[in-house]
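A structural walkthrough
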Amino acid sequence: MKFQPTASHFINGEYLESANGKAIDVVYPATGEKIASLQAATPDVIEKALRSAAAAQKKWGAMTGTERGRVLRRTADILRERNRELSEIETHDTGKPIQETLVADASAGADALDYFGGLAASLTGEYIALANGDFAYTIPEPLGVCVGIGAWNYPIQIACLKAAPALACGNAMIFKPSDTTPLSPLKLAEAFVEAGAPKGIFNVVQGFGDVGAALVADPRVAKVSLTGSVPTGRKVYAAAAEGMKHVTMELGGKSPLIVFDDADIENSVSGAILGNFFSSGQVCSNGTRVFVQKRIKGAFLDRLCTRLASVKIGDPMDPEVNFGPLVSQRQLEIVKAYIAKGLAEGARLVHGGTQLERPGFYLQPTVFADVRDEMTIAREEIFGPVMSVLDFETEEEVIARANSTEFGLAAGVFTHDLTRAHRVARQFEAGTCYINTYNVAPVEAPFGGSKLSGVGRENSKLALQHYTDMKTVYVSVNELQAPY
Ligand code: NAD
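A brief structural summary. Computed from a predicted structure; not experimentally measured.

What counts and what doesn't
- Residues numbered from 1 in each chain as written.
- Predicted model: local features only at pLDDT ≥ 70, side-chain atom pairs only at ≥ 80, totals over all residues.
- Heavy atoms only, no water.
- Core = buried A, V, L, I, M, F, W, Y, C linked by side-chain atoms within 4.5 Å.
- Buried < 20%, exposed > 50% of the residue type's maximum accessible area, 1.4 Å probe, protein only.
- Helix = DSSP H or I, 4+ residues; strand = E, 2+ residues; numbered from the N terminus.
- Contact = heavy atoms within 4.5 Å.
- Pairing = 2+ DSSP bridges.
- Axes fitted to C-alpha atoms, helices over the stretch in contact; angles between N-to-C directions.
- 1 Å grid on protein atoms, 1.4 Å probe; cavity = no way out; pocket = protein on both sides within 12 Å on 5 of 7 lines; lining within 4 Å.
- Points joined across faces, edges and corners; volume = space filled by probe spheres on them.
- Nonpolar A, V, L, I, M, F, W, Y, C, P; charged D, E, K, R; others polar.
- Domains from an automatic or database assignment.

Grouped together as the largest cluster of nonpolar side chains are 77 residues, with contacts concentrated most on Leu-79, Leu-113, Phe-116, Ile-174, Leu-188, Phe-192 and Phe-202. Here this core takes 10 residues from helix H6 (residues 155-168), the largest share from any one element. If near-sequence neighbours (up to four positions away) are discounted, Leu-79 is found in contact with Leu-86, Ala-106, Gly-109, Ala-110, Leu-113, Ile-156, Cys-160, Leu-188 and Ala-191. Within the second largest apolar cluster, 28 residues are counted, among which are Phe-291, Leu-326, Phe-368 and Val-398.

This is the structure we're talking about:
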């Protein structure tokens with residue numbers, strides 16, 4: 001099998017196979033063929049990963065930020081040199097078109113390594129003057145061994161977004177990829193070693209939820225960063241709380257995208273397409289509730305359907321193809337069930353809605369109009385190519401409806417009215433907001449959710465705070481007075 005890795009896990013600088021682990025079959029979503037077969041970690045593999053990470057962290061944490069940063073930036077260079085190979089792995093693992101994976105996966109991961117590599121040397125504490133010449137200073141210290149747990153939509157990008165700030169701050173990371181897409185994080189582990197990272201500083205352990213749970217529960221683990229669904233987030237957060245561990249939670253969403261009637265129609269249609277159909281709709285921050293002001297509803301839907309007619313669905317390895325299959329048979333069934341619910345609850349199907357008659361897990365990009373707030377497709381995260389278009393009349397009304405969700409990952413507004421754009425962004429109950437654009441997530445700016453969509457932020461300088469503990473040292477230069 002072309003994509004069969006040397007072994008399932010990467011621990012202490014080398015590949016390692018587990019004896020008798022549960023089978024993890026890797027399937028190419030475009031054909032349904034098995035392309036690799038791995039094994040889930042057994043307890044002895046998890047133990048090896050924890051031991052080697054704990055030992056490596058001591059060495060790594062004692063190095064200077066400049067030295068650590070150099071290793072991260074070298075790793076970024078290696079990922080860039082191998083972008084083609086890594087993108088092919090990612091396309092076969094996830095089914096995403098090669099034209100997407102070439103620009104949004106390993107290369108975005110390399111950006112994170114460059115960015116946090118550059119910041120590693122700038123991590124400093126502060127001097128705090130106190131009474132009578134006494135003072136305090138602070139030391140940002142690594143947390144220790146951090147666990148990263150990934151979802152299946154951006155395997156290597158998620159691994160890099162977690163590993164780069166963690167390692168920049170002097171931590172070690174054990175990363176558990178999604179069992180649906182386990183391949184590319186192994187290549188990241190290889191690149192770290194080639195770049196000169198101490199063995200064990202980034203270990204990859206494969207498995208299902210139980211392997212993630214075992215890592216989270218281990219007392220040697222100081223922090224958990226999860227990218228996944230809200231139900232998993234609840235379990236992982238609760239388990240981490242038992243050991244008072246730090247967490248970052250990047251979870252799901254049902255984000256609103258508001259199009260006012262003064263907006264540029266082509267731009268807002270572009271925003272709705274990028275916010276619903278990139279990666280076949282399997283993006284956490286997607287703006288799946290598209291609120292369109294009544295006066296332009298007809299024009300918006302016309303342009304949307306015309307442009308969707310030119311989508312190129314097909315073999316994800318064809319560089320012309322811009323829409324691939326869903327990641328798995330299971331995800332295809334979940335999304336189809338939501339489409340059936342949309343129809344049953346009275347939404348009007350205006351585009352797509354059916355599975356393609358070909359091998360693989362292909363579904364057409366799907367648009368429902370006349371969607372009402374209480375419909376299931378407007379309330380629950382679908383994680384597939386299904387856009388709901390809802391009508392609205394006034395700004396006040398649409399803000400209340402946009403915020404009427406338990407999620408708070410992202411939100412977007414399209415308008416030419418400058419003051420309204422900022423007023424609306426200010427009122428969104430969401431961690432990541434967009435004005436006249438959608439779904440960009442450059443490493444320089446914080447990304448993350450409010451409400452049930454998450455805790456903490458990835459990307460940006462803020463991420464460093466989530467991977468350090470601040471130690472305060474009080475210093476007296478005076479004689480001490482005690483009462484007796
Ligand atoms: P999931 O919640 O099913 O699984 C996520 C990861 O958690 C997997 O690696 C899984 O094995 C692991 N896991 C499951 N149970 C666990 C447990 N009890 N303890 C520890 N680990 C456990 O999510 P998924 O289906 O892989 O991904 C889709 C979800 O991820 C969507 O909800 C999507 O919105 C979300 N997501 C969020 C972001 C973000 O940045 N906010 C990015 C991508 C995906």
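Right, let's get into the sheet that holds strand E19 (residues 432-435). Read from one edge of the open sheet, seven strands run E14-E15-E16-E13-E12-E18-E19, paired in mixed fashion. A single partner strand is all that each edge strand has here, and the edge strands are strand E14 (348-351) and E19. On average, each strand axis in the sheet is tilted by 20° relative to the strand beside it, whichever way the strands run. Contacting strand E12 (256-259), strand E13 (289-293), strand E15 (366-369), strand E16 (386-392) and strand E18 (410-414), helix H10 (residues 265-277) crosses the sheet at an angle of about 140° to E16. In this fold helix H11 (residues 297-308) packs onto E12, E13, E14, E15 and E16, with an angle of close to 50° to the strand it touches most, E14.

Turning our eyes to something else, we now look at the pairing of strand E6 (residues 135-142). Here three bridges tie strand E5 (residues 127-129) to E6, and the two strands are oriented antiparallel to one another. Paired with Tyr-127 across the strands is Tyr-137, a residue of E6. Remark: five residues form the turn of the hairpin made by E5 and E6, two consecutive strands paired antiparallel; Asn-132 in that turn has positive phi of roughly 55°. With eight bridges joining them, E6 and strand E22 (residues 468-475) adopt antiparallel strand pairing. Along E22, the bridge assignment pairs Thr-138 with Thr-472.

The volume enclosed by the largest pocket comes to roughly 1200 Å³. Along its surface, the largest pocket is lined by 43 residues, and Trp-152, Gly-228, Ser-229, Thr-232 and Arg-330 are the ones closest to its centre. Breaking the lining of the largest pocket down by element, the ones donating at least two residues are helix H8 (209-217), strand E10 (221-227), helix H9 (230-242) and helix H12 (329-344). Ranked by residue count, the leading element in the lining of the largest pocket is H9, at seven residues. When its residues are assigned to classes, the lining of the largest pocket shows 19 nonpolar, 13 polar and 11 charged. Counting contributing residues, the lining of the largest pocket receives three or more from each of domain 1 (9-252 + 453-471) and domain 2 (256-435).

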